[in-house]
Amino acid sequence: PVGDFFTGQMEYLTFLNDHDLAPSDAEGIFSNVEVFEASQTNPVNFLYSRVVSFGGNTQDVDGTYAIEDNGDSLHLSENTWKAIAFSYDVTANTVLEFDYQSDVQGEVQGIGFDNDLGIAPYQWFQLHGTESVGIQDYNDYSGTATKHYVIPVGDFFTGQMEYLTFLNDHDLAPSDAEGIFSNVEVFEAPQSPVNFLYSRVVSYGGTQDDDGTYVVENNGDSLHLSNNTWKAIAFSYNVTSNTMLEFNYQSDVEGEIQGIGFDNDLGIAPYQWFQLYGTESVGIQDYNDYSGTAVKHYTIPAGNFFT
């Protein structure tokens, strides 16, 4: 990965075979030479990346790594902290998608971003391990099967980053942890239509969201709420007088209040939600007309109600 070492306009490719000392019989054959721009993000190819130590000398001390699957996978073994050069402006819409597999649990195993190769737990996502260090929202790996992760990074932090980081911390003997990161992609998720796979789903309304569950369905097109459930996704948007909200809604069981809206602080704001269904009347009532169990399509000029 030439660009990890230097950049700039060049005029020649050079080939060296220096051997001044007798018998001066060195040999070197350069074949099938190509120079090209490697795709940075879709997916990351570790063959085209410079793998460097991460976390200082105290962390990446005795581990090993291997690049596998024609560059699609980075396999870390023992006590290994690695990074690759990866200059990327993380925005509110940035998503990190990858597969992870581990045969042996260590203390901290995860993935993240960094600027200076120092330890920055607030910029890595722990996936596995006996200790808890870093962002914990995706610390749910178990067993040895491959698990697919989709992480809306921009919901946790933003800013210019220079490295992708990979952790396989295992200081205690026998220090035999394993971690394989595969099919790593970093991309900007479109805001419309909303894809719930690329969204961080959080509680909304304080004490209201007390015992409900949710499932993301239809490849991210649908959010399915059950029981007593109030949820929100991070969605930074300037609502103007022309803003429209369009969606499909379906319910098999009526509750007290069922609807959709916008919010700034996750507190209860009925003047910014549209009730669609329910035995009580709370919120904007202009679209409270759902009945039955069929799918109903809504087109709401949100900007006519608030901006």
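Remember, it's a predicted structure, so these values are computed and weren't measured experimentally.

Visitor: I'd like a rundown of the sheet that holds strand S2 (residues 64-68), residues and numbers included.
Guide: The strand order across the open sheet built from five strands is S2-S3-S10-S5-S8, with neighbouring strands paired in antiparallel fashion. The strands lining the two open edges of the sheet, one partner per strand, are S2 and strand S8 (147-151). When the angles between neighbouring strand axes are averaged without regard to direction, this sheet yields 25°. Where strand S5 (residues 94-101) and S8 come together, five bridges link them in antiparallel fashion. Residue Glu97 lies in a different strand from S8, and its bridge partner there is Val150.

Visitor: Account for the environment of Phe156, naming residues and giving values.
Guide: Tracing the backbone shows Phe156 in the loop between S8 and strand S9 (159-169). With 79 residues separating them along the chain, Phe156 and Phe235 place their C-alpha atoms 13 Å apart.

Visitor: Before we move on, can you summarise the sheet that holds strand S7 (residues 124-128) with the specific residues and values?
Guide: Within a sheet, each strand pairs with its neighbour through backbone hydrogen bonds, oriented either parallel or antiparallel. Read across the open sheet, the five strands follow the order S1-S4-S9-S6-S7; overall the sheet is antiparallel. Every interior strand has two partners, whereas the edge strands, strand S1 (51-53) and S7, have only one. Geometrically, the sheet is characterised by an average inter-axis angle of 30° between neighbouring strands, direction not taken into account. Looking at chain direction, strand S6 (residues 108-114) and S7 are connected through four bridges and run antiparallel. By the bridge assignment, Gly110 is partnered in S7 with Gln126.

Visitor: Outline the pairing of strand S13 (residues 222-226), listing residues and values.
Guide: Sheet topology places strand S12 (residues 213-217) next to S13; five bridges connect them, and they run antiparallel. Opposite Val215, over in S13, you have His224 as the bridge partner. Hairpin geometry of S12 and S13 is characterised by an intervening segment of four residues between the two adjacent antiparallel strands and by a positive phi of about 55° at Asn218.

Visitor: Lay out a nonpolar patch on the surface with the relevant residues and their values.
Guide: Together, Leu13, Phe15, Phe30, Val33 and Val35 line one region of the surface with nonpolar side chains, adding up to about 540 Å² of accessible area. One can find Val35 in the segment before S1.

About the criteria used
Residues numbered from 1 in each chain as written. Predicted model: local features only at pLDDT ≥ 70, side-chain atom pairs only at ≥ 80, totals over all residues. Heavy atoms only, no water. Pairing = 2+ DSSP bridges. Helix = DSSP H or I, 4+ residues; strand = E, 2+ residues; numbered from the N terminus. Axes fitted to C-alpha atoms, helices over the stretch in contact; angles between N-to-C directions. Patch = residues over 30% accessible without salt bridge, like charges linked within 9 Å, V, L, I, M, F, W, Y side chains within 5 Å. Areas by Shrake-Rupley, 256 points an atom, 1.4 Å probe, with all protein chains shown as cover. Salt bridge = Lys/Arg side-chain N within 4 Å of Asp/Glu carboxyl O.

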